[in-house]
Amino acid sequence: MTVHLREADGSDDDLGSIVTIVNATCPDDPTSVDEIRWAAATYPGTTRFIAEVDGRPVGVGSVGRIYMHPPEFDALWATIAVLAHARRQGIGGALLTVVAERARAAGKGALHIPASEGQPEGIAFLRHRGFMEYERDKIVRLELAGKTPPAIDLPDGIELTTLAQRPDLVPAIHAVAVETFADIPGGEVPTAPGTLAEFRARDVDRPSIPPGAFVIALEPGTDRVVGYASLLLMPVTSRRMAWHAMTAVVRDWRGRGLARALKRATIGWAMADGLDALESGNDFDNAPMRAVNARLGYEPQPDHVILRGSLDDGMMAP
């Protein structure tokens, strides 16, 4: 068996191959050609690789900057996916080697690679090569079939609007993100929303974030934005699903039920739009938001884990 690795181009054929392999190996985190094209335009610098056996794509890998951290952050983000029938033949190791080489060439010292507890063989593959758990999210799902929209009990002194109704509020939403991202548990280095332009591209203007499902909490009379919640539509496979992209509340409004009201508003939108389910993920240490999810009836799913591997010589075992 001869494995051929090559850098993917932007053609429909190559992107289609990537989508097929990713969706077959990571069904809980599907992608699409449109999503990859959006990511390539929004997050420049990512390189994607295709592994072929006898001319047939059987594995894919990617490597690029972690845009939730500044450019000088010491690690790059990477992914590796190999079709089930082609595993244990060195293909995953070959993809890991090539993405590691790109990271070294960029002057980085580590890779961050996502994995799911639902696929323990992927975690074992990385641990065998020296990767250690860096961050863990508790994933939960809310099935929407047969449920009625939840009541939205707003705290006194708050009104809700949406991005569709108030697109002028984006700078104020960004200010909320600047305050709240720093408080999100997980990892050793706090995340940041970036500049207003970066935030808009990733968290506001993204085609899969519906403006009507982007709910904003205001103090009436002042138009001060004190919280927001948004949904990210997943590429459609067998079901219509969305991910809770963010639920954020400024510090002086926490503990008053506002996060729960915001999340309930997005649930109501999802039901009205005919979605089948919603998913959310929060760091193990984010007890307040995990409690909100539990009270709303979200059910546990396999944990999502980010593993960090050093690029020092000897860390990439065969």
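Relevant structure appears above.
A brief look at the structure comes next. Keep in mind the model is a prediction, meaning the values are calculated, not measured. (Residues numbered from 1 in each chain as written. Predicted model: local features only at pLDDT ≥ 70, side-chain atom pairs only at ≥ 80, totals over all residues. Heavy atoms only, no water.)

### Concerning the environment of aspartate 34
Move 1: Of note, aspartate 34 is situated in helix α2 (residues 33–42).
Move 2: Given a relative accessible area of 62%, aspartate 34 falls into the exposed group.
Move 3: Residues aspartate 34 and glycine 122 lie 88 residues apart in sequence; the distance between their C-alpha atoms is 26 Å. (Helix = DSSP H or I, 4+ residues; strand = E, 2+ residues; numbered from the N terminus. Buried < 20%, exposed > 50% of the residue type's maximum accessible area, 1.4 Å probe, protein only.)

### Thoughts on the packing of helix α1 (residues 12–25) against α2
Move 1: Packing of α1 against α2 brings their axes to within 9 Å, and their N-to-C directions diverge by 110 degrees. Classified by the angle between their axes, α1 and α2 sit roughly perpendicular to one another. Across from Asp12, Leu15, Gly16, Ile18 and Val19 in α1, the residues of α2 making contact are Val33, Ile36 and Arg37.
Move 2: Within the contact of α1 with α2, the residues separate by chemical class into five nonpolar, one polar and two charged. (Axes fitted to C-alpha atoms, helices over the stretch in contact; angles between N-to-C directions. Parallel < 35°, antiparallel > 145°, perpendicular 65-115°, else oblique. Contact = heavy atoms within 4.5 Å. Nonpolar A, V, L, I, M, F, W, Y, C, P; charged D, E, K, R; others polar.)

### Points about the pattern of salt bridges
A side chain with one charge can pair with a side chain of the opposite charge if their charged atoms come near.
Move 1: In total, this model carries 26 salt bridges according to the counting rule given.
Move 2: A salt bridge links arginine 224 to glutamate 219; the shortest N-O distance between them is 3.1 Å.
Move 3: Overall, glutamate 219 belongs to the buried group, its relative accessible area being 18%.
Move 4: Between aspartate 252 and arginine 224 there is a salt bridge, with the nearest N and O atoms lying 3.0 Å from each other. Of this pair, aspartate 252 sits in the loop between β10 (241–249) and α7 (258–272) while arginine 224 sits in strand β9 (residues 224–233); the two residues are 28 residues apart in sequence, bridging distant segments of the chain.
Move 5: Classification of aspartate 252 by relative accessible area gives partly exposed; the value is 40%.
Move 6: Through salt bridges that share partners, Glu117, Arg127, Glu133, Arg136, Lys138 and Asp303 make up one connected network. (Salt bridge = Lys/Arg side-chain N within 4 Å of Asp/Glu carboxyl O.)

### Focus: the environment of glycine 274
Move 1: Examined against the element boundaries, glycine 274 turns out to sit in the loop between α7 and β11 (277–283).
Move 2: A relative accessible area of 41% places glycine 274 in the partly exposed class.
Move 3: Residues glycine 274 and leucine 144, spaced 130 residues apart in sequence, show a C-alpha to C-alpha distance of 8.7 Å.

Honestly, that's just the spatial picture; any functional story needs more than this.
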